[in-house]
Amino acid sequence: MAEQPVRPWTNAEIADIMDRIGDLVEVSEKEGPFQVRAYHRAADNIRHLDGDIVRIWQEGALEDIPGVGKAIAKKIDELMRTGHLRFLEELEKEVPPGVLDMLGVPGIGPKRARMFWKKLGITSVEELKKAAESGKLRTLPGMGAKSERKILEGIALLQSIPDRIPLGEARPLAERIIEELERLGPEIVEKISLAGSARRWRETVGDLDILVASTNPQPVMDEFVSLPEVSEVMLKGETKTSVRLHNGLQVDLRVLEPERWGTGLQYFTGSRAHNIALRNLALEQGWSLSEYALKRVDTGEEKLCSTEEEVYETLGLPWITPELREDRGEIKAALEGSLPHLVDLSDLKGDLHSHTTWSDGSYSIEQMAEAARDRGFSYHAITDHSTGLGVVQGVDGDRLEAQRRIVDGLNKKWKDFRLLLGVEVEVMADGSLALPDEVLARLDVVIAAVHSGLNQERETLTERAILALRNPNVDILAHPTGRLLGRRKGGNFDIEAILQEAARLGKAIEVNSSPWRLDLNDVFVRRAMELGVKISINSDAHKVSGLDDLLYGVKTARRGWAEPENVINTWPLERLLDWLKRHDQT
DNA sequence: GCCGTTTTCGGCCCGACTGTTTTCAGTCG
């Protein structure tokens, strides 16, 4: 039995601690800028790790994590063994906690936070506000009346704006802004694209980046700041303008020369980690890579790239799709020619999770089926909620029989399409299912879902999910963490253990496509792929338009390096039915 | 503090914009 940590640290908690050390070290000037960056880099990598940090520690493999060397590994080890970290506690004794809070105010970085603290004795955002209001800050070098006003605005903003908003909320806004800018016409807006984390389909975004190729930037900037969505212009320059929308979202617009579009789009799509890795690769080959060009280090000769493909090709790489650009091994894979052939929306042959008016959906069985068929799907599963979920009127054995008659009747109409009948069955508090086995056994597909008791202990929750998976009638585990982006964190499941069990049983885990779920997320999809676990990219549609969400699920799966073969609903009907049947016999 | 198909020591991404500056530091991405 592996050694147990004194508490079950999560990757996010360890990452937060490393970020905190980085901030403290910087504000206290204990170490130089490279150490600071090392802590933040380690934090970043730990936060986006595929595996569980506790397990990695147990395997003694901490130093295999990029950016984690002897010193940081030792600190993590101390946290695992003792639950605290002396180094961090020393730093916290030195720097008052409110000084770090000031870093959250836009426009305040470590240098200013330190100056306010050391020169004026300011140790909280509240004190900072008072000092700005009373004109004290302007007595400091580099500060004036305008800086004070900006800081006050920043503090007001701090209270009203969420950190990151779900992509499903941000992307439609971005698409609308792009449409509005396109109306300037192709003479002015030669090219336009979303960039940044939204182009990479990250599940949440902190801001939006929009890129325009133009030889005439001024009208683009002018149009941008006067769009109806804009509530405030934060900064406006010749090539870069930032605004805030009414919902608080920041949008950055950059204008590039068309012949530099490739390097620019590459650069502003990120991620930062991917770009740094790419830049380093370029340097190894004698190139300096910027958003403007590739430049020979020796001769200074510039190579302009008007497409991203040219940028990657010059460095000896195939074009890397934005979803993969997170520095999680994609550059190495590209060098080796082993990039995955990612699943695409067009690979999906059907959807295996949807609702109708028989539970909490808004459309009939027939309407949902026709909508799926109109999309060119060759199958579609109706999986209404079972009884046992308090808030919803669910289906039981009798109602499922009634649904079966409707489904059988509809299936007579189609030659090219098959409607499947299933259920999203409730996993009860003890891990049993809300419907008896003989009812489940008659269905084409059974999805098990934990909706209630998400605040149970990790062991209990994990056990429930695993027991559900072990029921021979269950084919798929729905939205495994139960999170709702921006609203609810999700249960404290041991996803690693659940994936291992799914691998052992040969069952599928859902990638729920609702932009508010995206569950499994990209990182866990990647882990599922490593373990050979099949996934099912499901819409969980409650209305016809919900089928559009499948794009979000596909993108999430792509971020997790999923190939069509790993996705059961890319398989032809016959193969899927065989696979579904196999479970019933185990 | 991390890292290495040129390195176990000497590097570490880099440019736009702002405010307060007579030439630049700080912040941000």
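The structure under discussion appears in the preceding block.
Here is what the cut-offs are and how they apply
Residues numbered from 1 in each chain as written. Chains lettered and ligands numbered in written order. Predicted model: local features only at pLDDT ≥ 70, side-chain atom pairs only at ≥ 80, totals over all residues. Heavy atoms only, no water. Helix = DSSP H or I, 4+ residues; strand = E, 2+ residues; numbered from the N terminus. Rg over C-alpha atoms; globule rule 2.2 N^0.38 Å. Buried < 20%, exposed > 50% of the residue type's maximum accessible area, 1.4 Å probe, protein only. Lys, Arg positive; Asp, Glu negative; His and termini not counted. Charge placed at Lys NZ, Arg CZ, Asp CG, Glu CD. Pairing = 2+ DSSP bridges. Contact = heavy atoms within 4.5 Å. Axes fitted to C-alpha atoms, helices over the stretch in contact; angles between N-to-C directions. Near = heavy atom within 4 Å. Polar contact = N/O pair within 3.5 Å; in protein donor to acceptor, adjacent residues only side chain to side chain. Salt bridge = Lys/Arg side-chain N within 4 Å of Asp/Glu carboxyl O. Phe/Tyr/Trp six-rings, centres within 6.5 Å; stacked < 30°, edge-to-face > 60°. Lys NZ or Arg CZ within 6 Å of the ring centre and 35° of its normal. Right-handed = clockwise from strand over helix to strand, strands pointing away. 1 Å grid on protein atoms, 1.4 Å probe; cavity = no way out; pocket = protein on both sides within 12 Å on 5 of 7 lines; lining within 4 Å. Points joined across faces, edges and corners; volume = space filled by probe spheres on them. Parallel < 35°, antiparallel > 145°, perpendicular 65-115°, else oblique. Left-handed = near helix turned anticlockwise from the far one by under 90°. Nonpolar A, V, L, I, M, F, W, Y, C, P; charged D, E, K, R; others polar.

Asks: Looking at this structure, how should I read the overall build of chain A?
Replies: When helices and strands are counted, chain A shows 24 helices and 17 strands. At 26 Å, chain A has a C-alpha radius of gyration in line with the 25 Å of a compact globule built from 586 residues. Taken over the C-alpha atoms alone, chain A extends approximately 80 × 65 × 50 Å along its principal axes. Split into buried and exposed, the 586 residues of chain A put 53% on the buried side. Here chain A carries 77 positive and 97 negative side-chain charges, and the mean point of each set is 3 Å from the other.

Asks: Honestly, the sheet that holds strand 11 (residues 350–351) in this entry has me stumped. Any pointers?
Replies: Within a beta sheet, neighbouring strands are joined by backbone hydrogen bonds and run either parallel or antiparallel to one another. The strand order across the open sheet built from seven strands is 11-12-13-14-15-16-17, with neighbouring strands paired in parallel fashion. Edge positions in the sheet fall to strand 11 and strand 17 (534–538), since each has one partner strand and no second. Along the sheet, helix 17 (residues 365–374) makes contact with strand 12 (379–385) and strand 13 (418–426), crossing strand 12 at roughly 145°.

Asks: Help me understand unusual backbone geometry, please; the structure alone is not making it clear to me.
Replies: Excluding glycine, residues mostly carry a negative phi; peptide bonds, for their part, are mostly trans. Note the cis peptide between glycine 270 and serine 271, where omega equals -5°. You can see serine 271 is positioned in the loop between helix 13 (261–269) and helix 14 (272–284). Residue aspartate 519 is joined to leucine 520 through a cis peptide bond whose omega torsion reads 5°. Residue placement: leucine 520 occurs in the loop between strand 16 (508–512) and helix 22 (522–531). Of note in the backbone geometry, aspartate 327 takes a positive phi value of approximately 55° without being a glycine. In this fold, aspartate 327 is placed in the loop between helix 15 (308–314) and helix 16 (330–336). Accessibility expressed as a relative area gives 27% for aspartate 327, which makes it partly exposed.

Asks: So what exactly am I meant to see when it comes to the sheet that holds strand 7 (residues 250–256) here?
Replies: Ordered by their spatial adjacency, five strands build an open sheet running 2-4-7-6-5, and the pairing between neighbours is mixed. Edge positions in the open sheet fall to strand 2 (191–195) and strand 5 (230–236), since each of these has one partner strand only. For this sheet, the mean angle separating the axes of adjacent strands, direction not counted, is 20°. Running over the sheet, helix 10 (residues 167–182) touches strand 2, strand 4 (207–213), strand 6 (240–245) and strand 7 and is turned about 165° from strand 2. Strand contacts of helix 13: strand 2, strand 4 and strand 7, with the helix running at about 20° to strand 2, the strand carrying the most contacts.

Asks: Would you explain the protein's contact with DNA strand B in this entry?
Replies: Taken together, 41 residues sit near DNA strand B, with Arg37, Gly67, Gly69, Gly144 and Tyr292 positioned nearest. Sugar and phosphate atoms represent 78% of those atoms of DNA strand B found within 4 Å of the protein. Here glutamine 35 contributes a side-chain N or O atom positioned 2.9 Å from a base nitrogen of DNA strand B. Between DNA strand B and threonine 239 there is a distance of 3.1 Å, counted from a phosphate oxygen to a backbone nitrogen or oxygen. Elements with a contribution of two residues or more to the surface near DNA strand B: helix 2 (33–47), helix 4 (70–82), helix 7 (110–120), helix 9 (145–160), strand 5 and helix 14. When residues in the surface near DNA strand B are grouped by element, the largest group, five residues, is from helix 2.

Asks: Looking at this model, I keep getting lost on the pattern of salt bridges. Mind explaining?
Replies: If charged atoms from side chains of opposite charge come close, those side chains can pair. In this structure the tally under the stated criterion is 46 salt bridges. Residue arginine 404 pairs with aspartate 408 through a salt bridge whose shortest N-O separation is 3.7 Å. Here aspartate 408 and arginine 404 lie together in helix 18 (residues 397–411), a separation of four residues that amounts to about one turn. Taking the relative accessible area as the measure of exposure, arginine 404 reaches 18% and is therefore buried. Among the residues examined, aspartate 408 registers a relative accessible area of 36% and is labelled partly exposed. Because the salt bridges share partners, they merge into one network encompassing Arg200, Glu326, Arg328, Asp522 and Arg559.

Asks: Could you clarify how one ought to interpret helix 22 in this entry?
Replies: The periodicity of an α-helix, 3.6 residues per turn, causes residues three or four places apart in sequence to face the same way. When you tally the buried positions in helix 22, you get seven out of 10 residues, the bulk of the element. All of the buried residues in helix 22 are Asp522, Val523, Val525, Arg526, Arg527, Ala528 and Met529. The secondary structure elements touched by the buried residues of helix 22 are helix 21 (495–505), strand 16, strand 17 and helix 23 (550–559). Of the residues that open helix 22, the one with a side-chain oxygen 3.2 Å from the backbone nitrogen of valine 523 is asparagine 521. Positive backbone phi, at 75°, marks glycine 532, one or two positions downstream of helix 22.

Asks: So what exactly am I meant to see when it comes to the packing of aromatic side chains here?
Replies: A complete count under the given rule lists five aromatic pairs for this structure. Ring centres of tyrosine 39 and phenylalanine 87 lie 6.5 Å apart, and the angle between their planes is 25°; this geometry places the pair in the stacked category. Of this pair, tyrosine 39 sits in helix 2 while phenylalanine 87 sits in helix 5 (residues 86–94), and the two are 48 residues apart along the sequence. With a centroid separation of 4.9 Å and an interplanar angle of 90°, the aromatic rings of tyrosine 267 and phenylalanine 268 are classed as edge-to-face. Of the residues examined, phenylalanine 268 reaches a relative accessible area of 14% and is grouped as buried. The ring centre of phenylalanine 87 lies 4.5 Å from the NZ or CZ of lysine 75, which sits over that ring.

Asks: What's the story with the pairing of strand 16 in this structure? I'm lost.
Replies: In the case of a regular strand, side chains alternate between the two sheet surfaces. By the criterion of burial, strand 16 is predominantly enclosed, with five of the five residues buried. Of the two faces of strand 16, the one lined by Ala508, Glu510 and Asn512 and the one lined by Ile509 and Val511 are each fully buried. Here strand 15 (residues 476–477) runs beside strand 16; their pairing, made up of two bridges, is parallel. Counterpart to leucine 477 in the pairing with strand 16 is isoleucine 509. In this sheet, strand 17 lies alongside strand 16 in parallel orientation, the contact comprising five bridges. Looking at strand 17, one finds that glutamate 510 is bridged to serine 536. Crossover connection from strand 16 via helix 22 to parallel strand 17: handedness right-handed.

Asks: I'm lost on the layout of surface pockets in this one. Help?
Replies: Summary: where empty space remains is shown by rolling a probe the size of a single water molecule over the atoms. The calculated volume of the second largest pocket comes to roughly 420 Å³. Taken together, 22 residues line the second largest pocket, and the ones lying closest to its centre are Ser514, Trp516, Asp540, His542 and Asp549.

Asks: What am I meant to see in the packing of helix 10 against helix 12 (residues 217–225) here?
Replies: The relative placement of two packed helices is expressed as an angle between their axes plus a distance between the axes. Here helix 10 crosses helix 12 at 135°, and the two axes come no closer than 10 Å. Classified by the angle their axes make, helix 10 and helix 12 are oblique. In this structure, the crossing between helix 10 and helix 12 has a hand that is right-handed. Contacts from Ile177, Glu180 and Leu181 in helix 10 reach Val220, Glu223 and Phe224 in helix 12. Within the contact of helix 10 with helix 12, the residues separate by chemical class into four nonpolar, no polar and two charged.

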